[in-house]
Amino acid sequence: MCNHEESRQPNAPARDPRFASPAIGALVPLLALRASVLCIVFLLPTLTRGQDGALRDTIDREVKAAWAKDNLAAPERSTDSVFLRRIYLDLVGMIPTYEEATAFLGDADPQKREKLIDKLLADPRYARNQAQVWDVNLLGRNPQGIRSTNRDAFRNWLATHFEQNVPYDRIVHKLLKAEEDNSKLFYVAYRNSDDLTTTAMRFFLGTQLQCAKCHDHPYESWTQQDYYGMAGFFVRTYVVETDGANEHIKKFYVGEKSTGDVSFTVLPKDAQPGTKGEPVKPRFLGGEELQEPELPADFKEPKVEPKQAPPKPLFSRREKIVEWITAKDNPYLARAAVNRIWAQFMGRGFVHPVDDFNSENDPSHPELLKAIEAGFIAHQFDLKWLIREIVNSAAYQAADVGPVTDALPKYYERARIRPLSVEELTASLHIATGLGVEAALKSKPSGDMLKYLGDPTDGQGRFQGSLTEHLFIHNGDTFRGLCYPRNGNLAETLLKSEEDWNAKVERMFLSVLSRTPTTEERERFVNYLNVDPKDTKLESQRMEEALWVLVATSEFRFSR
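Below or above, wherever it landed, is the structure these notes cover.

Procedures and definitions
Residues numbered from 1 in each chain as written. Predicted model: local features only at pLDDT ≥ 70, side-chain atom pairs only at ≥ 80, totals over all residues. Heavy atoms only, no water. Axes fitted to C-alpha atoms, helices over the stretch in contact; angles between N-to-C directions. Helix = DSSP H or I, 4+ residues; strand = E, 2+ residues; numbered from the N terminus. Contact = heavy atoms within 4.5 Å. Nonpolar A, V, L, I, M, F, W, Y, C, P; charged D, E, K, R; others polar. Buried < 20%, exposed > 50% of the residue type's maximum accessible area, 1.4 Å probe, protein only. Arc of directions from axis to C-beta. Polar contact = N/O pair within 3.5 Å; in protein donor to acceptor, adjacent residues only side chain to side chain. Phe/Tyr/Trp six-rings, centres within 6.5 Å; stacked < 30°, edge-to-face > 60°.

Structural notes on the packing of helix H12 (residues 224–234) against helix H13 (residues 317–325)
And step 1. In the contact formed by H12 and H13, the axes pass within 7 Å of each other and the chain directions differ by 120°. When H12 is examined against H13, the residues Met230, Gly232, Phe233 and Phe234 are found in contact with a partner set consisting of Arg317, Arg318, Ile321 and Trp324.
And step 2. Here the contact of H12 with H13 is built from residues that sort into five nonpolar, one polar and two charged.

Topic: H13
And step 1. Among the residues of H13, Arg317, Arg318, Ile321, Val322, Trp324 and Ile325 are the ones counted as buried. Angular distribution of buried residues about the axis of H13 spans 160°; they occupy a single face of the element.
And step 2. You can read the cap of H13 off the contacts: a side-chain oxygen lies 2.9 Å from the backbone nitrogen of Glu319, and it is on Ser316.

Examining the packing of aromatic side chains
And step 1. In total, this model carries 23 aromatic pairs according to the counting rule given.
And step 2. Ring geometry for Phe154 versus Trp157: centroids 6.3 Å apart, planes at 10°, classification stacked. Taken together, the residues span about one helical turn, with Phe154 and Trp157 both in helix H8 (residues 148–163) at a distance of three residues.
And step 3. With relative accessibility at 7%, the residue Trp157 sits in the buried group.
And step 4. A centroid spacing of 5.1 Å and a plane angle of 85° characterise the contact between Phe203 and Phe204, whose relative ring orientation is edge-to-face. With respect to burial, Phe203 and Phe204 carry one shared label: buried.

Printed below as a string of structure tokens:
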């Protein structure tokens, strides 16, 4: 199904007749983009001079300008407890422990937020969390033909690169070259040239090209020739599977033939029975056709042996498209990356959905998008630099309350509210119930957790709660089971503690919700929990009930 056709108005402007030629029409957006990139490169010294650490100021200036333009009220600054929980979930993928929460909330240093951000970016949990986010975004929740052990190995490969802060463009280059062990799942998940083409364009370049497979795009300049020209780079790629040294992890080789083209017939009525259309040469999106050396006249494709490393091609089309995608002057790469990363922390991209840059989907803050793109390029695609600047901005640290009802406000006039991913939820349950960081790091979502909580949004950030999720959280044993007093968990610790019930309830709230209880909450919890200590069974049941109530709340389910 062509989603663009559903979302566009039927009376959209017709193509400019000056660009009626598909080839010229396709060049128009690319020329404009290249001009933009050249402008950014030319202005880099100006944009970045003296701006180290100042992108956050540019962010706040541009966001405030948009509020003023649209007469939107500026939000308050988030409270320390709201910021604390938000930044832990966004940077390390789990809520803070009781000790981490009390240390931050009790710190009077006015620079404590900035210091905490630096601390969390240096925490090993940061790399693990980024790897989880990338893995799910790139491969989806349930890719076919990939074992969970291979998935774990791929996440570890990604985490190593995030831990070393390898530049974004180099990670993309290595991922698409697929030469290192455990780096090859992109080609395993998307095994044909159509899937590879549309996913690579969408994820790495923010461009939806799939419509042009069946017809010239009705509202964009992309033609079927553009689509099949890009597909030509991937059509020779294939995957060879074999058993790895570790029997639980399958080994993959990503091979490429020296021959083979995509075929294309302009109109179905022109197709002849038994023919597949005309071969289409690879052509860079909106650019030149790939120049390839002639194959030897007597060339024969070498046989691919089962479970063996495939032979190298005489000329690699895939290598050329990887170089093009990750080139410094690629007009799409940095722009798509900063939009996606901005959306990860701010709830929605300047262009929304994040992977749909087109002429009718204007950015909400075009000048800010350009400034962040310029800074990202000037800082050599440094991911930690970019994330540090975003989360240090006042826009990111805005309050979670206000008159706006949209969960993902377009102009960021209130902090976004999002459901926790199933990975965040699993790890945070371990933290909240007092099992500690090590247990949280070793935790993995169960099959039921993945089934009922694995896809909390519609793919564009909108929460899609369901009755089954509600029943799972409130009637199942997964959440409640962690609240039983046992093995030194929070429930058992509180029951054994000699502190008064006020102190115990405060610890309970800080452990689960990263905040102290309100006066009413404190009174009601103390009254409920303060039973005859000789009735240990009732005391234990009340403690389990009280903890379960907190982990089953919407406040625990969402980040705000």
